[in-house]
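Descriptive analysis of the structure
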Amino acid sequence: MRNVLLIAFASILMLPVFAQENTEKKVNEDVKTGWTVGVLPALGYDSNLGLLYGAIVNSFDFGDGSRYPDFNHNLYLQLSAYTKGSMDAIAYFDSYTLIPNKHFIGRLSFNRNRTYPFYGFNGTQTVYNADFEDIDANGFISQVFYKYDRKLAKADFLLEDRIADSKFKWIAGLDLGWYDVSTVDVAHLNKGRDNDELIPDTLILYDQLVNWGIISDDEKDGGFDNSFKFGLVYDTRDRLTNPMKGTWTELLFRASPKFIGNNDNFGRVSLIHRQYFTLVKEKLSFAYRLWYEGTFGNVPFYSRQHLTTSNYLEGFGGAQSVRGVLMNRVVGQHSAIGNFELRWKFYRFNAIGQNFYLGMNLFADAGKILKGYDIDLTNVPQAQRDQFFSDEYKGLYTAFGAGFKVVMNENFVVSADYGMAMDKNYGTSGLYVLVGYLF
């Protein structure tokens, strides 16, 4: 049986907390003030991890309404777990008024994933063969062949401020991370399984790369990834969430020197350009994002999928980058991503005292490795080299899809996107149910 993930919503609860109409602004009675809270319960199943349960709470403070539809504070809390031990705990705070005239972001998180996706390096240079994980296929190796066990504790802090009266801003912050990595605990995951569904105790991709020295002994168990962040932002958006016009461009550096706990000196850089165009006022817009991501020095294998953004993101491929391509399928030293979307707000209404709209989006995503990591295949036997590796990695990774949005008070966004990959070597399709627009 192929690994199946089902995501369902028992309900979506939009709860106003201290929210009221602004009595001083009769010109627009839809302006919101005070706090509103969105609650999103989660329920799902994964054949390796068990039942998923948990909740997401997303709260916005609009203050006196003078910034609406922009907010003063945004608090995001997530707690979800699988019955076989994987879990996510996230506390995220985004504020434009906590520190006068400055934008502050703080994030604390802990992730335990007993089957974290791992497809090697340089995209298609490491072969993806779905049969390796398909228990009914002739080429079957293990249901968790492209996985490993990972714990990750992170703390991120960012400060942003405008430069004089311009549209430019500087950003600076601190990014701390501790990774604990090991092979998959097959004995634990096999508890409660029928005999014909047991995961075999055999070497998986992670084990092989360790044995061949492609993953070094001083990195195979994890370690620190700590860095200083600094950069420059140009921002002319007309609103923070789903802008109808404007430009938002970030140049961001992450310096990871050895003296703050890292195994070696390394660094990252990203240039992300986003632009928004109104096609039909307050109804239809076109948005695109172009993204260059580069690394320098000896970036440890366990954090090569960590993308360089203001907020913590992982994975070239998946919900946050190229939808439809497998998460972490494409991990290269220098890469580029492009996202292109038509966004349609097709129906507005008011319920439980809150402003809502329903939206749809059509998208095309693409990515490309510009330069791969150097991989030493000297110790790989020729038979395994032919089975698990290829010489090609510089092709274009493309996907197409569509999505549906439910949006409360212009900011709390329940998003469902479905993307289809154009080549089975980097995935087939993916359904992503998240909070927020992609960019």
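Residues numbered from 1 in each chain as written. Predicted model: local features only at pLDDT ≥ 70, side-chain atom pairs only at ≥ 80, totals over all residues. Heavy atoms only, no water.

With respect to the overall build of the protein chain
A tally of regular secondary structure across the protein chain gives 3 helices and 21 strands. Against the 2.2 N^0.38 benchmark of 22 Å for 439 residues, the protein chain shows a C-alpha radius of gyration of 22 Å, consistent with a compact globule. By its C-alpha atoms, the protein chain is 75 × 50 × 35 Å across when sized along the principal axes. Here the protein chain holds 439 residues, and the buried ones make up 55% of them. Sequence-distant contacts, at least 24 apart, represent 65% of the contacts inside the protein chain between residues at least 6 apart. With the model as given, the accessible surface of the protein chain reaches about 19,200 Å², and the carbon-plus-sulfur share is 60%. Each charge class in the protein chain was averaged separately, 43 positive and 49 negative side chains, and the resulting centres sit 5 Å apart. (Helix = DSSP H or I, 4+ residues; strand = E, 2+ residues; numbered from the N terminus. Rg over C-alpha atoms; globule rule 2.2 N^0.38 Å. Buried < 20%, exposed > 50% of the residue type's maximum accessible area, 1.4 Å probe, protein only. Contact = heavy atoms within 4.5 Å. Areas by Shrake-Rupley, 256 points an atom, 1.4 Å probe, with all protein chains shown as cover. Lys, Arg positive; Asp, Glu negative; His and termini not counted. Charge placed at Lys NZ, Arg CZ, Asp CG, Glu CD.)

Some words on the pairing of strand β7 (residues 102-117)
Within a regular strand, side chains alternate between the sheet's two faces. When you tally the buried positions in β7, you get 13 out of 16 residues, the bulk of the element. The sheet contact formed by strand β6 (residues 87-95) and β7 spans 9 bridges and is antiparallel. Directly across from M87, in β7, lies its bridge partner R112. Remark: 6 residues form the turn of the hairpin made by β6 and β7, two consecutive strands paired antiparallel; N101 in that turn has positive phi of roughly 65°. Direction of pairing for β7 relative to strand β8 (residues 147-162): antiparallel, over a ladder of 14 bridges. Paired with N113 across the strands is R150, a residue of β8. (Pairing = 2+ DSSP bridges.)

Description of the packing of aromatic side chains
Scanning the entire structure with this criterion turns up 38 aromatic pairs. Between F349 and F356 the ring centres are 5.2 Å apart and the planes differ by 5°, which places this aromatic pair in the stacked class. Take F349: its relative accessible area is 29%, and that puts it in the partly exposed class. Aromatic ring contacts, followed pair by pair, group Y116, F118, F121, Y148, Y179, Y206, F301 and Y302 into a single cluster. Between the NZ or CZ atom of R274 and the centre of the ring of W248, over which it lies, the distance is 3.7 Å. The ring of Y373 has R304 lying over it, and the distance from NZ or CZ to the ring centre is 4.0 Å. (Phe/Tyr/Trp six-rings, centres within 6.5 Å; stacked < 30°, edge-to-face > 60°. Lys NZ or Arg CZ within 6 Å of the ring centre and 35° of its normal.)

Some thoughts on the confidence of the model for the protein chain
Residue-level pLDDT values for the protein chain average 90, and 93% of them are 70 or greater. Considering each helix and strand of the protein chain separately, the mean pLDDT is smallest for strand β1 (residues 5-8), with a value of 37, and largest for helix α2 (residues 205-211), with 98. Long-range and interchain partners of residues 1-29, a stretch whose pLDDT sits below 50, account for 73 contacts in this model, where long-range means more than four residues apart. (pLDDT = per-residue confidence, 0-100.)

Structural notes on unusual backbone geometry
Negative phi values dominate among residues other than glycine, just as trans dominates among peptide bonds. At the junction of Y68 and P69, the peptide bond is cis and its omega measures out at 10° in the coordinates. Tracing the sequence through the fold places P69 in the loop between β4 (50-61) and β5 (73-82). Phi angles above zero are rare outside glycine, and N101 is one such case at about 65°. Judged by its relative accessible area of 72%, N101 falls in the exposed class. Backbone geometry at N328 places phi at a positive 70°, although glycine is not the residue there. Among the secondary structure elements, N328 is positioned in the loop between β16 (313-314) and β17 (334-351).

Some words on a nonpolar patch on the surface
On the surface, a nonpolar cluster with roughly 960 Å² of combined accessible area is contributed by I163, F168, W170, F228, F230, L232, Y234, L251, F253, F259 and L271. Looking at which element gives the most residues to the nonpolar patch, the answer is strand β11 (residues 227-235), with 4 residues. Here F230 is to be found in strand β11. You can call F230 partly exposed: its relative accessible area is 42%. (Patch = residues over 30% accessible without salt bridge, like charges linked within 9 Å, V, L, I, M, F, W, Y side chains within 5 Å. Salt bridge = Lys/Arg side-chain N within 4 Å of Asp/Glu carboxyl O.)

As for the nonpolar core
Among the nonpolar cores identified, the biggest contains 38 residues, and F118, F121, Y206, L209, I214 and F301 are the most heavily contacted of them. Sort the elements by how many residues they give to this core and α2 lands first, with 4 residues. Non-local contacts of L209, meaning those with residues more than four positions away in its chain, are made with F118, G120, F121, I214, I215 and F389. In terms of nonpolar packing, the next biggest core, distinct from the first, is built from 28 residues, I56, Y68, F356 and F439 among them. (Core = buried A, V, L, I, M, F, W, Y, C linked by side-chain atoms within 4.5 Å.)

A closer look at the pairing of β17
Here strand β14 (residues 284-297) runs beside β17; their pairing, made up of 11 bridges, is antiparallel. Residue E293 lies in a different strand from β17, and its bridge partner there is S335. Of the pairings in the sheet, the one linking β17 to strand β18 (residues 354-371) comprises 17 bridges and is antiparallel in character. Its bridge partner lying in β18, H334 is registered against K371. The turn joining β17 and β18, which pair antiparallel and follow one another in sequence, is formed by 2 residues; a positive phi near 45° is taken by I352.

Focus on the pattern of salt bridges
What the rule picks out here adds up to 27 salt bridges. Here K169 and E160 are joined by a salt bridge, their closest N and O atoms 3.8 Å apart. Neither residue differs from the other here; K169 and E160 are each classed as buried. For R268, the salt bridge identified is with D225, shortest N-O distance 3.1 Å.

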